[in-house]
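Structural overview
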Amino acid sequence: MIENDLKEALESITSQELNGKNYKRSDFARSILNYPAMMVPAVQEPIIHCLSKHLDEKISLIDPFMGASNTLVTGMKQGCEVFGQDINPLSLLVSQVKTSYYLSTELEEARRVLMSKINSDTSVRIEVDFKNIDKWFKAEVQLELSKLRRGILSEDNLLIRKFFWVALAEVIRLVSNDRTSTFKLHVRTSDDIQNRRLSPIELFTSLVKRSTRDIIEFCRILEEGDHIENGQYKNNVDVVWGNSLGGLNTKKQFNLLVTSPPYGDNQTTVTYGQFSYLPLQWIPMEDIDPNIYIDYLKSTMEIDSNSLGGKMIQNFSEVEEKLFEKSSELKGLFEKFDFEKKKKAKKVLNFFHDMDLSIDNMVTKLKPGAFMVWTIGNRNVNKTEIKNDKILSEILQSKDIELVTDLERDILSKRMPGRNNFSDLMKKEKILIFKNKY
Ligand SMILES: C[S@@+](CC[C@H](N)C(=O)[O-])C[C@H]1O[C@@H](n2cnc3c(N)ncnc32)[C@H](O)[C@@H]1O
């Protein structure tokens, strides 16, 4: 296939496919944890398929911001080698589960044993303690969550424990006093808290059943595609914790990068860290990855401030100059802001500074001729549109990475923040496809 054919093939992907019309919520075990801003696998499927036909070699796929690993599992369905990294320990946990192979018999037996232990547990000991625990969890909820935690810890098989921890994380999202309407931590009104009658154990029981069904269904799809051998995915799968700004923790090189990056710093866009703070209080770090080295439970802000754009850069004018050389869109945008608004604009610049450095790390992991697929939308800062797609495109092209084509899609099926200055423009997003020249 020559380059023009590829462009044509990509552009002929129907808007129905790109808008995710064909998707079911439970596809690819997507609903085992309602992680924020997840990619819809059905959207990426035709693109990965098209590029893999063009590359005509085994696909090795990397996602440096893997989130809930929907991109990785889409690649697995097509038999790719996959590598994913994320700074959020909860993303790692759910990715470890979704990229593993489980047997329904072992999950069902483990659930039966666990539920019988939990139902006969009479202890009233509360298993975790952290600042403001009583603000976020009612006493009776703490009691049941403690039983669940004790029960899960008594399971010997780490992979099965991880599966249960993900179910517990989803339970915590639903039973804490945090409002589920935003990803930021916002406590419910006291009336609301008083009136809610939720049993974490009952919820856990039904969620574990549903998640078992979803995971097993995905494992069955992998089997049908002949991607399983000796109870394992045939190709390499590696998901790790790490800050993509500092580097990518793999020695391999890849021929396909597919990602949906953050759209700005987490605090002002999607607070992945705040979303994860309460579940992570109940899940022991050793069961996720004992080598995680940020103290992510120190405060509700810790993960977000370690994420892209989370820390203010010092040598501002130097950075400004370098970035403006790469992106005239960013330069023009910055010139438009008056002094008051410049503070906010600085955050935007800060974010692109981190993104720029992360891209440098990614490029070192790409083979010559590798493709990159970036799904990104624009956002609003003080009523000014930040054209993320254009800026990203200019930054990538400044590194000799050429744009093959861009596609557009509606994002009605994506779980995005309900109310903030971010969502106004978030009705469409772009899928930008690039090729690494060297
Ligand atoms: C839009 S989500 C990714 C969604 C994912 N592609 C999917 O399909 O579900 C963006 C992710 O970037 C992660 N992230 C932000 N800054 C990061 C950094 N510096 N290093 C690694 N991951 C980061 C966030 O934790 C979040 O999980």
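Residues numbered from 1 in each chain as written. Predicted model: local features only at pLDDT ≥ 70, side-chain atom pairs only at ≥ 80, totals over all residues. Heavy atoms only, no water.

**Focus: the confidence of the model for the protein chain**
Going by this rule: A score from 0 to 100, pLDDT tells how confident the predictor is in each residue. The contact criterion used is simple: two residues touch if any of their non-hydrogen atoms lie within 4.5 Å.
For the protein chain, mean pLDDT is 91; residues scoring 70 or higher make up 95% of the total. Low pLDDT (under 50) marks residues 418-425, which in the prediction has 20 contacts with non-local residues, meaning those over four places away or in another chain.

**Observations concerning the environment of lysine 311**
Worth spelling out the cut-off: Under the DSSP-based scheme used, a helix requires at least four consecutive residues in state H or I and a strand at least two consecutive residues in state E, with every element numbered from the N terminus. Polar contact is defined as a pair of N or O atoms within 3.5 Å, subject to the rule that within protein one atom must be able to donate a hydrogen and the other to accept it, and that residues adjacent in sequence are counted only when both atoms are side-chain atoms.
Within the secondary structure layout, lysine 311 lies in the loop between helix H13 (302-306) and helix H14 (316-326). For the pair lysine 311 and aspartate 265, spaced 46 residues apart in the sequence, the C-alpha separation amounts to 9.0 Å. Once residues lying within four places of it in the same chain are set aside, the contact partners of lysine 311 are Ser305, Asn306 and Asn350. Among the polar contacts made by the side chain of lysine 311, one reaches the side chain of asparagine 306 at a distance of 3.1 Å.

**Details of the packing of helix H8 (residues 139-153) against helix H11 (residues 200-224)**
As a reminder, the rule being used: Note on definitions: angles span 0 to 180 degrees between N-to-C directions of axes, and those axes are lines fitted to C-alpha atoms, for helices only across the stretch in contact. By the definition adopted for this analysis, an angle is roughly parallel if under 35 degrees, roughly antiparallel if over 145, roughly perpendicular if from 65 to 115, and oblique otherwise. Residue type decides the class: Asp, Glu, Lys and Arg count as charged, Ala, Val, Leu, Ile, Met, Phe, Trp, Tyr, Cys and Pro as nonpolar, and the leftover types, Gly among them, as polar.
Where H8 contacts H11, the axes come no closer than 8 Å and their chain directions differ by 45 degrees. It follows that H8 is oblique to H11 by the angle criterion. Of the residues in H11, those touching H8 at Val141, Glu144, Leu145, Lys147, Leu148 and Ile152 are Pro200, Ile201 and Phe204. Class assignment for the residues of the contact of H8 with H11 results in seven nonpolar, no polar and two charged.

**A word on the pattern of salt bridges**
Stated precisely, the cut-off is as follows: Salt bridges are defined as contacts in which a side-chain nitrogen from Lys or Arg sits within 4 Å of a carboxyl oxygen from Asp or Glu. For the exposure calls, accessible area comes from a 1.4 Å probe over protein chains only, and a residue counts as buried if that area is under 20% of its type's maximum, exposed if over 50%, partly exposed in between.
One pass over the structure, following the stated rule, counts 25 salt bridges. With a closest N to O distance of 3.1 Å, lysine 7 and glutamate 11 form a salt bridge. Of this pair, lysine 7 and glutamate 11 both sit in helix H1 (residues 3-11), four residues apart, roughly one helical turn. For glutamate 11, a relative accessible area of 41% corresponds to the partly exposed category.

**Describing the packing of aromatic side chains**
Defined as follows: Pairing of aromatic rings covers Phe, Tyr and Trp, the last counted by its six-membered ring, and requires centre-to-centre distances within 6.5 Å; plane angles under 30 degrees mean stacked, over 60 mean edge-to-face, and any other angle means tilted. Criterion for a charge above a ring: Lys NZ or Arg CZ within 6 Å of the ring centre, and within 35 degrees of the ring normal.
Inspection of the entire model under this criterion finds 14 aromatic pairs. Pairing phenylalanine 28 with phenylalanine 218 gives two aromatic rings, centres 5.7 Å apart and planes at 40 degrees, and the pair type is tilted. Here phenylalanine 28, found in the loop between helix H2 (15-18) and helix H3 (41-55), pairs with phenylalanine 218, found in helix H11; they are 190 residues apart in sequence, far enough to count as distant. Across the pair, exposure class does not vary: phenylalanine 28 and phenylalanine 218 are buried alike. Look at tyrosine 102 and phenylalanine 163: their rings are 5.8 Å apart centre to centre, the planes differ by 50 degrees, and that puts the pair in the tilted class. Taken as a pair, tyrosine 102 in the loop between helix H5 (89-98) and helix H6 (104-119) and phenylalanine 163 in helix H9 (residues 158-175) lie far apart in primary sequence, 61 residues in all. Judged by relative accessible area, which is 2%, tyrosine 102 ranks as buried. An aromatic cluster is built from Tyr35, Phe183, Tyr272 and Phe275, whose rings are joined through pairwise contacts. In this structure, lysine 346 packs its charged tip against the face of phenylalanine 316, placed 4.7 Å from the ring centre.

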